[in-house]
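Secondary and tertiary structure notes
Each chain is listed here by its residues.
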Amino acid sequence: PEAVETSLLEPQEMPLSILHEDAELIVLDKSAGLVVHPGAGVRDGTLANGLLAHLGQSLRVVGAEGRPGIVHRLDKDTSGLMVVAASEAAHAALVRAMEAREVRREYEAVCVGVMTAGGTVDAAVGRHPVDRLRMAVRDTGKPARTHYRVMNRYRGHTRVLCRLETGRTHQIRVHMAHIRYPLVGDALYGGRLAIPRGATSGLAETLRRFRRQALHARRLALVHPATGEEVAWEAPLPADFAGLIAALEADRAAEDGEHD
């Protein structure tokens, strides 16, 4: 999406879950439903508006027009950790670190289907040739690599830990769908709602209510641009995601009971 002129970006007070803040950077836990910066069809109410209100005019000069301090983004309905630069020097350093793949990002996801093992998806990602809202695995796309490992298996789902080696738009969502394990709740890449045969009513209801992709950026590690120290943060699962895991665990316990 096109960036909006920073001069048009209005500071807007909003609650921000800030885990760390210093003169160089801010680390925050983004809530699901919050758009990172203005773009196509979204003029305000974004994280960028909230950051301007929080940091004041100084942030206007950091980074690209309309994206003050922002060096990477999370999809609107993905929750979890983001780092934002608070100075030009930090912005340049963090952009370089991202390009050099020195910023380590771990995500937790719930996929439809039962995986036998973890692995790596190494498949270029580019804009879908027909549907411009979507990305797709394409030979002409940019190189993209996602490592994933199984955390828990359930009746019809798998809880996975994903580590990004590259940071393409929608990368985890596209890669997991590509290997036929789309994310729960992902309307763009996941297809129709799938409720496993024999699922408890509690799990069935939770899956029906879960209306976003089950993806949470849970860990972020980087070298601090000012101190040179290795620093890391973790963000707990938000309530909706924790509720999904609880329903899956309860269903697995019920399934185990059936087999006793």
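For the structure given in this document, a descriptive report is provided here. The model shown is predicted, which means the values in this text are computed figures rather than measured ones.

Focus: the overall build of the protein chain
- Scanning the protein chain from N- to C-terminus turns up 5 helices and 11 strands.
- Relative to the 2.2 N^0.38 estimate, which gives 18 Å for 260 residues, the radius of gyration of the protein chain is 19 Å and therefore close to what a compact globule would have.
- For the protein chain, the spread of C-alpha atoms along the three principal axes comes to 60 × 40 × 40 Å.
- By residue count, 45% of the 260 residues in the protein chain fall in the buried class.
- For the protein chain, the accessible surface area stands at approximately 12600 Å², while carbon and sulfur atoms represent 49% of it.
- Counting 33 positive and 33 negative side-chain charges, the protein chain places the averaged centre of each group 7 Å from the other.

Quick look at the pattern of salt bridges
- Going through the model one piece at a time under the given rule, you end up with 15 salt bridges.
- Between Arg101 and Glu165 there is a salt bridge, with the nearest N and O atoms lying 3.7 Å from each other. Here Glu165 lies in the loop between β9 (157–164) and α3 (171–178) and Arg101 lies in the loop between α2 (88–99) and β4 (104–112), a separation of 64 residues in the sequence.
- A residue is classified by how much of its surface remains accessible, and Arg101, at 43% relative accessible area, is partly exposed.
- Salt bridges here are not isolated pairs; linked through shared partners, they connect Arg101, Asp122, Arg145 and Glu165.

Some words on the environment of Ala250
- Positionally, Ala250 belongs in helix α5 (residues 239–259).
- For the pair formed by Ala250 and Tyr154, sequence separation is 96 residues and the distance between their alpha carbons is 9.9 Å.

Notes on the nonpolar core
- Counting 29 residues, the largest nonpolar core has Tyr107 and Met176 as its most contacted members.
- Elements with a minimum of two residues in this core: β2 (25–30), α1 (47–55), β3 (79–85), β4, β8 (145–153), β9, α3 and β10 (215–223).
- Tallying contributions element by element places α1 first for this core, with 4 residues.
- Among the nonpolar cores identified, the runner-up in size contains 16 residues, and Val83, Leu94, Leu220 and Trp233 belong to it.

A short note on the packing of aromatic side chains
- In the structure shown here, the tally under the stated rule is 1 aromatic pair.
- For the ring pair Phe210 and Phe241, a centre distance of 6.5 Å and an interplane angle of 90 degrees mean the geometry is edge-to-face. Of this pair, Phe210 sits in the loop between α4 (201–209) and β10 while Phe241 sits in helix α5, and the two are 31 residues apart along the sequence.

Focus on the pairing of β8
- The pairing of strand β5 (residues 119–122) with β8 spans 4 bridges and is classified as antiparallel. For Asp122, the partnering residue across the bridge sits in β8 and is Arg145.
- Between the end of β8 and the start of β9, which pair antiparallel, lie 3 residues.

With respect to α1
- All buried positions along α1 are accounted for by Leu47, Ala48, Asn49, Gly50, Leu51 and Leu52.
- Structurally, α1 contributes buried residues whose contacts are with β2 and β3.
- Of the residues flanking the end of α1, it is Gly56, one or two places downstream, whose phi is positive at about 85 degrees.

Brief notes about α4
- Regarding α4, the residues found buried are Leu203, Ala204, Thr206 and Leu207. Buried residues along α4 cover an arc of 165 degrees about the axis, so they all sit on one side. For α4, the exposed residues set more than 90 degrees away from the buried face come down to Ser201 and Arg209.

Quick word on the side chain of His147
- In this structure, His147 sits in strand β8.
- A polar contact of 2.8 Å, which involves the side chain of His147, links it to the side chain of Thr120.
- Leave out the neighbours within four places in its chain, and His147 touches Gly119, Thr120, Leu161, Cys162, Arg163 and Glu165.

A look at the environment of Thr206
- Inspection of the secondary structure assignment puts Thr206 in helix α4.
- Residue classification places Thr206 among the buried positions, given a relative accessible area of 12%.
- Residues Thr206 and Ile245, 39 residues apart in the sequence, show an inter-C-alpha distance of 9.7 Å.
- Not counting the four nearest positions on each side in its chain, Thr206 is found in contact with Gly243, Leu244 and Ala247.

Observations regarding unusual backbone geometry
- Located in the positive-phi region is His170, a residue other than glycine, with phi close to 60 degrees.
- When you line up the elements, His170 lands in the loop between β9 and α3.

Calculation criteria
- Residues numbered from 1 in each chain as written.
- Predicted model: local features only at pLDDT ≥ 70, side-chain atom pairs only at ≥ 80, totals over all residues.
- Heavy atoms only, no water.
- Helix = DSSP H or I, 4+ residues; strand = E, 2+ residues; numbered from the N terminus.
- Rg over C-alpha atoms; globule rule 2.2 N^0.38 Å.
- Buried < 20%, exposed > 50% of the residue type's maximum accessible area, 1.4 Å probe, protein only.
- Areas by Shrake-Rupley, 256 points an atom, 1.4 Å probe, with all protein chains shown as cover.
- Lys, Arg positive; Asp, Glu negative; His and termini not counted.
- Charge placed at Lys NZ, Arg CZ, Asp CG, Glu CD.
- Salt bridge = Lys/Arg side-chain N within 4 Å of Asp/Glu carboxyl O.
- Core = buried A, V, L, I, M, F, W, Y, C linked by side-chain atoms within 4.5 Å.
- Phe/Tyr/Trp six-rings, centres within 6.5 Å; stacked < 30°, edge-to-face > 60°.
- Pairing = 2+ DSSP bridges.
- Contact = heavy atoms within 4.5 Å.
- Arc of directions from axis to C-beta.
- Polar contact = N/O pair within 3.5 Å; in protein donor to acceptor, adjacent residues only side chain to side chain.

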